[in-house]
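Examining the three-dimensional arrangement
This is what each chain is made of:
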Amino acid sequence: MRKVSISILILFLTVFSISAQELALVREGGQFGYIDKTGAFVIEPQFSKAKSFSEGRAAVEQDKKWGFIDTSGKWAIQPEYDKVKYFDSGYALVLKDDQWNYIDTTGKILETVSTEKYFDFEGGVAFIRQEDKIGLIGTDGKIILEPTFDAIKKFRNDHAKVRQGEQWGMIDKSGKLVIPAEYEELGNTYNASGVFGKKGGAFGIIHNGTFNPIDGADKVWNFHGNSGLTYSRKNKKTGFVNSKGEWVIEPKFDKARAFSNGLAPVSNDKKWGFINEKGEIIIEMKYRDAEVFAENGLAPVKEKQWGFIDTSGKLIIPMEYDITAGLAFLAGNNDKGFAGDFARLKSKKGWGFFNEKGELLANKWFENAEPFVKN
């Protein structure tokens, strides 16, 4: 029994390791291939056109037709499509003979209700459009929400803003209105701390079903992560408010960005630094630009080029590189800088991946590189 249990454990760990594999799309010698997190090629460069992996499949082109390979580099779906999108919720949109369809990871077509336009699945739902109204379908191809809205925006944190006439509200993935469509403007990102809105000409925070106006605000931004503060502007100056719409840090900065790891980038006189949640300057305003801290405690800062500091202000990666968000959304991160374990940076030598210690992955530069994606 013990030998059997150990064998099962080894099998489980092997399967888990394979399923948790992270690969990045890179270009070398003019051809695209895929590396693992050691920097080694798992799939050698051999494709003239290719996309990042999504749900264990990567789209690659052969003889001007697109198909999908698996993480071993073998064809999972033969190249027979004119255009393809990324997999999400088990399905990807593909175009063949001027007809869009959803296919699963084996290439089987999903039968769906009729729609005037096809939209990608996102987290188990996809939009449908009928007679210029938008609704939702599930991964069974059946309607979850009848087409009743004039617009539905991208789902963020399992919620999406919707428009009825000229008014905005927000729904969850069941199609239930969690914020009634009665706002002139509305934030596009649901957060437990609240969503900003504009009603009767006043900006405020919608929290627990209550609209909390912000005194004098003429612009508000989305809450970020688990911070209970977001930034807002009043009389051309930016400060921070809480879920009740109260000014916690008075508007005294020219610009600001979100709190993360207890610090937020702020700017005065075109110089950026970082404050804590008391509004105290923790990292001196001396940079030309600065972005929010990643979960690993590193933030991009810029003089002529970009580098990274830790929360004490110590420079970890020298300011010698360019950064971009790229396809970070596939890695679950829309921020510039670190996406998971690596930051994707560009130098005169090409594109490379840096870890939180400032080390270049495998000491390699590539002609192009996209973020690592879990499979």
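From a predicted model like this one, the values you see are computed outputs, not experimental measurements.

1. A closer look at the environment of A290
In this fold, A290 is placed in strand β31 (residues 289-290). Classification of A290 by relative accessible area gives buried; the value is 0%. When the C-alpha positions of A290 and P79 are compared, they lie 43 Å apart, and in sequence the two are 211 residues distant. Apart from residues no more than four positions distant in its own chain, A290 is found in contact with R257, P265, W272, F274, P300, V301 and W306.

2. Quick look at the confidence of the model for the protein
Scored by pLDDT, the protein comes out at a mean of 92, with 92% of its residues at no less than 70. A low-confidence stretch, residues 1-19 stays under pLDDT 50, and its non-local contacts, those more than four residues away or across chains, total two contacts.

3. Structural notes on the pairing of strand β18 (residues 177-183)
Where strand β17 (residues 167-172) meets β18, three bridges bridge the pair, whose relative direction is antiparallel. Within β18, the position partnered with W168 by the bridge is Y183. Hairpin connection from β17 to β18: four residues lie between these consecutive antiparallel strands, with G175 at a positive phi of about 90°.

4. Focus on the packing of aromatic side chains
Counting across every chain of the model gives 20 aromatic pairs. Taking the centre distance of 5.2 Å and the plane angle of 80° together, the rings of F308 and F338 count as edge-to-face. With F308 in strand β33 (residues 306-309) and F338 in strand β35 (residues 338-339), this pair connects stretches of sequence that are 30 residues apart. Residue F338 is classed as buried on the basis of its relative accessible area, which comes to 3%. On the numbers, 4.9 Å between centres and 55° between planes, the contact of F353 with F372 is tilted. Here F353, found in strand β37 (residues 350-354), pairs with F372, found in the loop between β38 (368-369) and β39 (373-374); they are 19 residues apart in sequence, far enough to count as distant. Members of the aromatic cluster, connected to one another through ring pairs, are Y91, Y102, Y118 and F121.

5. Quick notes on the pattern of salt bridges
Summed over the entire model, instances satisfying the criterion amount to 17 salt bridges. A salt bridge links K65 to D82; the nearest nitrogen and oxygen atoms lie 2.5 Å apart. Residue K65 is located in strand β6 (residues 65-69), and its partner D82 is located in the loop between β7 (75-81) and β8 (83-84); the two are separated by 17 residues in the primary sequence. We classify K65 as partly exposed; its relative accessible area is 30%. D82 sits in the partly exposed class, given a relative accessible area of 33%.

6. Examining the nonpolar core
Formed by 13 residues in total, the largest nonpolar core has its most connected members in F240, I249, F253, F259, V266 and I275. Mapped by element, the contributors of at least two residues to this core are β26 (247-253) and β28 (264-268). Look past the residues within four positions of F253 in its chain and what remains in contact with it is K236, K237, T238, V266, S267, N268, I275 and M285.

7. So, the sheet that holds strand β9 (residues 92-96)
Taken in spatial order, the four strands make up an open sheet running β8-β9-β10-β11, and their pairing is antiparallel. The outermost strands of the open sheet, each flanked by one partner alone, are β8 and β11 (109-110). Sheet topology places strand β10 (residues 99-103) next to β11; two bridges connect them, and they run antiparallel. Bridge assignment links Y102 to a residue of β11, and that residue is L110.

8. Topic: unusual backbone geometry
The backbone phi angle of D97 is positive, close to 55°, even though this residue is not glycine. Mapped onto the elements of the fold, D97 is located in the loop between β9 and β10. Although it is not a glycine, N157 adopts a positive phi angle of roughly 55°. Turning to its location among the elements, N157 is positioned in the loop between β15 (151-152) and β16 (159-164). Using a relative accessible area of 49% as the deciding quantity, one classes N157 as partly exposed.

Analysis parameters
- Residues numbered from 1 in each chain as written.
- Predicted model: local features only at pLDDT ≥ 70, side-chain atom pairs only at ≥ 80, totals over all residues.
- Heavy atoms only, no water.
- Helix = DSSP H or I, 4+ residues; strand = E, 2+ residues; numbered from the N terminus.
- Buried < 20%, exposed > 50% of the residue type's maximum accessible area, 1.4 Å probe, protein only.
- Contact = heavy atoms within 4.5 Å.
- pLDDT = per-residue confidence, 0-100.
- Pairing = 2+ DSSP bridges.
- Phe/Tyr/Trp six-rings, centres within 6.5 Å; stacked < 30°, edge-to-face > 60°.
- Salt bridge = Lys/Arg side-chain N within 4 Å of Asp/Glu carboxyl O.
- Core = buried A, V, L, I, M, F, W, Y, C linked by side-chain atoms within 4.5 Å.

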